[in-house]
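# Commentary on secondary and tertiary structure
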Amino acid sequence: MILIKNITVRYEEKTVLDRFSLELPEHGITALSGPSGCGKTTLLRVMAGLQPVEGGTAVLPPWPVLLFQENRLLPWRTVGQHIADVLPRDRRGEVGRWLALAELEGEENSYPAALSGGMGRRLALARALACGGGLILLDEPFTGVDAPRAGRILERIRALGTPVVLSSHEKEVVDLCDRVIPLKGPPLHLAVF
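Right, let's walk through the structure included here. All residue numbers refer to position in the chain's written sequence, counted from 1. Selection of residues for local features in this predicted model requires a pLDDT of at least 70, selection of side-chain atom pairs for listing and counting requires 80 or more, and totals for whole chains, interfaces and linings are taken over all residues. Just so you know, side-chain values use all the structure's heavy atoms and leave hydrogens and water out.

### Considerations on the overall build of the chain
Secondary structure assignment for the chain yields six helices and nine strands. Dimensions of the chain, computed from the C-alpha atoms along their principal axes, are close to 45 × 30 × 30 Å. To sort residues, take the accessible area from a 1.4 Å probe on protein chains only and compare it with the maximum for the residue type: under 20% means buried, over 50% means exposed, and anything in between is partly exposed. Out of the 193 residues belonging to the chain, those deemed buried represent 47%. Excluding contacts between residues fewer than 6 apart, the proportion of contacts in the chain whose partners are at least 24 apart in sequence is 70%. Accessible surface for the chain amounts to roughly 9300 Å². Of this, 54% is attributable to carbon and sulfur atoms. Where helices and strands are cited, they refer to DSSP runs of H or I of at least four residues and of E of at least two residues respectively, numbered from the N terminus. Contact definition: two residues touch when any of their heavy atoms are within 4.5 Å. Note on areas: Shrake-Rupley, 1.4 Å probe, and residue coverage restricted to the protein chains presented here.

### Some words on the packing of helix H4 (residues 117-130) against helix H5 (residues 147-159)
The convention used is that axes are lines fitted to C-alpha atoms, helices contributing only their stretch in contact, and that angles between N-to-C directions extend from 0 to 180 degrees. Interhelical geometry of H4 versus H5 gives an angle of 5° and a closest axis separation of 13 Å. As summarised for this structure, H4 and H5 are arranged roughly parallel, according to the angle between their axes. For the pair H4 and H5, contact is made by Arg 122, Leu 125 and Leu 129 and by Arg 149, Ile 153 and Ile 157, respectively. Grouping the constituent residues of the contact of H4 with H5 by class yields four nonpolar, no polar and two charged. For classification purposes, an angle smaller than 35 degrees is called roughly parallel, one larger than 145 roughly antiparallel, one from 65 to 115 roughly perpendicular, and anything else oblique. Residue polarity follows a fixed list, in which Ala, Val, Leu, Ile, Met, Phe, Trp, Tyr, Cys and Pro are nonpolar, Asp, Glu, Lys and Arg are charged, and the others, Gly among them, are polar.

### With respect to the sheet that holds strand E4 (residues 55-59)
Two strands qualify as a pair provided DSSP detects at least 2 bridges between them. Strand order in the open sheet made by the three strands is E2-E1-E4, with antiparallel pairing throughout. The sheet is open, and its two borders are formed by strand E2 (14-24) and E4, each paired with just one other strand. Direction aside, neighbouring strands of the sheet carry axes that sit 20° apart on average. Both strand E1 (residues 2-11) and E4 contribute to a ladder of four bridges, which runs antiparallel. From the neighbouring strand, Ile 4 faces E4, where its bridge partner is Ala 58. Its contacts with the sheet place helix H1 (residues 40-48) against E1 and E2, and it is angled at close to 120° to E1.

### Things to note about the side chain of Arg 122
Mapped onto the elements, Arg 122 comes out in helix H4. The contacts of Arg 122, once residues within four sequence positions are left out, are Ala 102, Glu 103, Leu 104, Val 145, Arg 149 and Ile 153.

### Quick word on H5
For H5, spanning 13 residues, the distance from its first C-alpha to its last is 19 Å, which sits close to the expected 18 Å at 1.5 Å a residue. Within the span of H5, buried status applies to Ala 150, Gly 151, Ile 153, Leu 154 and Ile 157. Those residues of H5 hidden inside the fold are in contact with strand E3 (29-33), helix H3 (95-101), H4, strand E6 (135-139), strand E7 (164-167) and helix H6 (171-174). Distance and chemistry together define a polar contact, namely a pair of N or O atoms within 3.5 Å, with one atom able to donate a hydrogen and the other to accept it when in protein, and with adjacent residues in sequence counting only for side-chain atoms on both sides. Near the N-terminus of H5, the side chain that reaches the backbone nitrogen of Arg 149, with its oxygen 3.1 Å away, is that of Asp 146. Count one or two residues on from H5 and you reach Gly 161, which has phi positive near 80°. Take the number of residues in a helix, subtract one, and multiply by 1.5 Å to get its expected span.

### Describing the packing of aromatic side chains
A pair of aromatic rings is counted whenever rings of Phe, Tyr or Trp (Trp by its six-membered ring) have centres within 6.5 Å, and the orientation is called stacked for planes under 30 degrees apart, edge-to-face for over 60 and tilted otherwise. With the rule as written, the count across this model stands at zero aromatic pairs. Any Lys NZ or Arg CZ found within 6 Å of a ring centre and within 35 degrees of that ring's normal is scored as a charge over the ring. Across the ring face of Phe 68, the terminal group of Arg 72 is positioned such that the distance to the ring centre comes to 3.7 Å. The aromatic ring of Trp 98 is capped on one face by Arg 97, whose charged end is 4.2 Å from the ring centroid.

### Overview of the pattern of salt bridges
Salt bridge, as applied in this entry: a Lys or Arg side-chain nitrogen positioned within 4 Å of an Asp or Glu carboxyl oxygen. Under the definition given, this model contains 12 salt bridges. For Asp 18, the salt bridge is made with Arg 19, and the minimal N-O distance between the two is 3.0 Å. Taking relative accessible area as the criterion, Asp 18 reaches 29% and is therefore assigned partly exposed. With a closest N to O distance of 2.8 Å, Arg 149 and Glu 103 form a salt bridge. In this pair, Arg 149 is assigned in helix H5 and Glu 103 in the loop between H3 and H4, connecting sequence segments 46 residues apart. We classify Arg 149 as partly exposed; its relative accessible area is 24%. You can call Glu 103 buried: its relative accessible area is 16%. Among the charged side chains, a salt-bridge network with shared partners connects Glu 103, Arg 149, Arg 152 and Arg 156.

Here it is in structure tokens:
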């Protein structure tokens, strides 16, 4: 079980999470859906262990991996090198597998400057997925990616069998998830419809 209990996060005077609690199953794809600025990214950062909290507890699978909203690509590294860089030596042969998952076959030797915005986003996603981990956290993973392609990639991610929590503003993406958690904020809270 993925459990967030009574988590509080403040940025100076702004309270983003105020004793926020959430319980999720350790399987499938969960979408966090809500307006910009409501606290979804902060929640993902808490789940990744990157955001200090004032109080509360988080019970999560080991080794969470977070895809940031920004691609954070290195301009001097090729597409293939971006994937190889996060793989242990004995798994370097998997580069093609992760590029295929993100539909980037044939781009191994390209540099980020040669990629479209959607291709760069898919590279960042493939790199995060290649890291492995017991929980995959994806912050707006399909920005700039057309809906049919996003759907195909999401099915491949589901087949990995690792629990996924993603935030998205795109209805097409949210509709493909196993469950949707509607949120409002700040401070972040469950939206009741």
